[in-house]
Amino acid sequence: KNNISVLNTLLGILIAYTVQFCVTAIVDCTDNSTWKEQLRMFMRKQIIKKDDPIRISFAYLFRIKVDGKYLLVRNGRGTGKYQPVGGAYKTKDKEKNYLKDNFYLAEDNKIPVDAASKNDYRMFVPASKLKSFVRRFDKTIDRELVKSLDREFREELIATGILDFEKIRYRYCGRHFTSIEFSRHFRCYELLLADIVELLPTSEQEDKLRELIKSDSNEYYFATKEEIE
């Protein structure tokens, strides 16, 4: 009964991007450029025009795996759904102003902006600017970078008391793009990106993760690959 409940939870829609996308991304992080071909096709057929806004949500997710299971945490916005540790990249004010001036981006009005979501990489970008926007995302240093992605880990696992790791090590695994699809939930076309980093726990930290598996908590869940799929 518990497994069925968790599986139903995993299939729900997250505030910022679908759980289906998030949990699949931590297992499969192959860089997929299909979206570029789709964008070209959509624009050629006038399904998407050059000034049409494309919603982007660019995030990083932690693959935390022990004994064949992945650690998922309850969504912090009260949806009751589970997702990998991680969240949207943050941009600095300097970069955000540059993007507004050069890429004519608009704020993501699909989700109310609050203190927690301010300067998230959730924006609307004109279709004609989308490819160059992604190149800019990779080029700029005025945002969160892969070498310093422990913020969400600390907010979601350490500040909440789930873990007490003093330091963490991780490695970059790869990038997961969705295709460009029309979101029925947000009523717009969107492109989602997730960079995957894998936690490299010490032997002591592995033991602490195993202790969590034995615990009974609604704040997190260890899911197998089969459950996620």
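Residues numbered from 1 in each chain as written. Predicted model: local features only at pLDDT ≥ 70, side-chain atom pairs only at ≥ 80, totals over all residues. Heavy atoms only, no water.

## Things to note about helix α7 (residues 203–214)
- The end-to-end C-alpha separation of α7 is 17 Å, in line with the 16 Å expected for 12 residues at 1.5 Å each.
- Along its buried surface, α7 packs onto β2 (65–66), β3 (69–74), β10 (188–199) and β11 (220–224). (Helix = DSSP H or I, 4+ residues; strand = E, 2+ residues; numbered from the N terminus. Expected span 1.5 Å × (residues − 1). Contact = heavy atoms within 4.5 Å.)

## Side note on the packing of helix α3 (residues 34–44) against helix α5 (residues 130–139)
- Running from amino to carboxyl end, α3 crosses α5 at an angle of 155 degrees, the nearest separation of the two axes being 11 Å. It follows that α3 is roughly antiparallel to α5 by the angle criterion. For the pair α3 and α5, contact is made by Trp 35, Lys 36, Leu 39 and Arg 40 and by Leu 130, Lys 131 and Val 134, respectively.
- Its residues placed into classes, the contact of α3 with α5 shows four nonpolar, no polar and three charged. (Axes fitted to C-alpha atoms, helices over the stretch in contact; angles between N-to-C directions. Parallel < 35°, antiparallel > 145°, perpendicular 65-115°, else oblique. Nonpolar A, V, L, I, M, F, W, Y, C, P; charged D, E, K, R; others polar.)

## Some words on the confidence of the model for the protein chain
- Residues at a pLDDT of 70 or more form 85% of the protein chain, whose mean pLDDT is 86.
- Per-residue pLDDT, averaged within each element of the protein chain, yields its smallest value for helix α1 (residues 2–10) (45) and its largest for β2 (96).
- Between residues 1–18, whose pLDDT stays under 50, and residues either more than four places distant or in other chains, the model counts 42 contacts. (pLDDT = per-residue confidence, 0-100.)

## Side note on the pairing of strand β7 (residues 122–126)
- Judged by how many residues are buried, β7 sits mostly within the fold: five of five residues are covered.
- Burial along β7 is two-sided: the residues Arg 122, Phe 124 and Pro 126 and Met 123 and Val 125 are all buried.
- Pairing between strand β1 (residues 53–63) and β7: five bridges, direction antiparallel. Among the inter-strand pairings, Arg 55 is bridged to a residue of β7, identified as Phe 124.
- By the bridge criterion, two bridges tie strand β6 (residues 106–107) to β7 in an arrangement that is antiparallel. Within the sheet, the bridge partner assigned to Glu 107 lies in β7 and is Met 123. (Buried < 20%, exposed > 50% of the residue type's maximum accessible area, 1.4 Å probe, protein only. Pairing = 2+ DSSP bridges.)

## Observations concerning unusual backbone geometry
- Residue Gln 46 is not a glycine yet carries a positive backbone phi of 65 degrees.
- Looking at the secondary structure, you find Gln 46 in the loop between α3 and β1.
- Given a relative accessible area of 48%, Gln 46 falls into the partly exposed group.
- Positive phi values are uncommon outside glycine, yet Arg 187 reaches one of about 60 degrees.
- Along the chain, Arg 187 falls in the loop between β9 (181–183) and β10.

## Concerning the packing of helix α4 (residues 93–103) against α5
- In the contact formed by α4 and α5, the axes pass within 12 Å of each other and the chain directions differ by 160 degrees. Between α4 and α5, the angle falls in the class roughly antiparallel. Like other packed secondary-structure pairs, α4 and α5 cross with a definite hand, here right-handed. Residues Glu 95, Tyr 98, Leu 99 and Phe 103 of α4 form the contact with α5, whose participating residues are Ser 132, Phe 133 and Arg 136.
- Its residues assigned to classes, the contact of α4 with α5 shows four nonpolar, one polar and two charged. (Left-handed = near helix turned anticlockwise from the far one by under 90°.)

## Thoughts on α3
- Those residues of α3 that sit buried are Trp 35, Gln 38, Leu 39 and Phe 42. Looking straight down α3, one finds its buried side chains confined to an arc of 100 degrees; they lie on one side. Exposed residues lying more than 90 degrees from the buried face of α3 are Glu 37 and Arg 44. (Arc of directions from axis to C-beta.)

## Description of the side chain of Asp 195
- Relative to the helices and strands, Asp 195 is located in strand β10.
- Among the polar contacts made by the side chain of Asp 195, one reaches the side chain of Tyr 89 at a distance of 2.7 Å.
- Not counting residues within four places of it along the chain, the set of residues in contact with Asp 195 comprises Ala 59, Tyr 60, Leu 61, Tyr 89, Phe 137, Tyr 172, Gly 174 and Arg 175. (Polar contact = N/O pair within 3.5 Å; in protein donor to acceptor, adjacent residues only side chain to side chain.)

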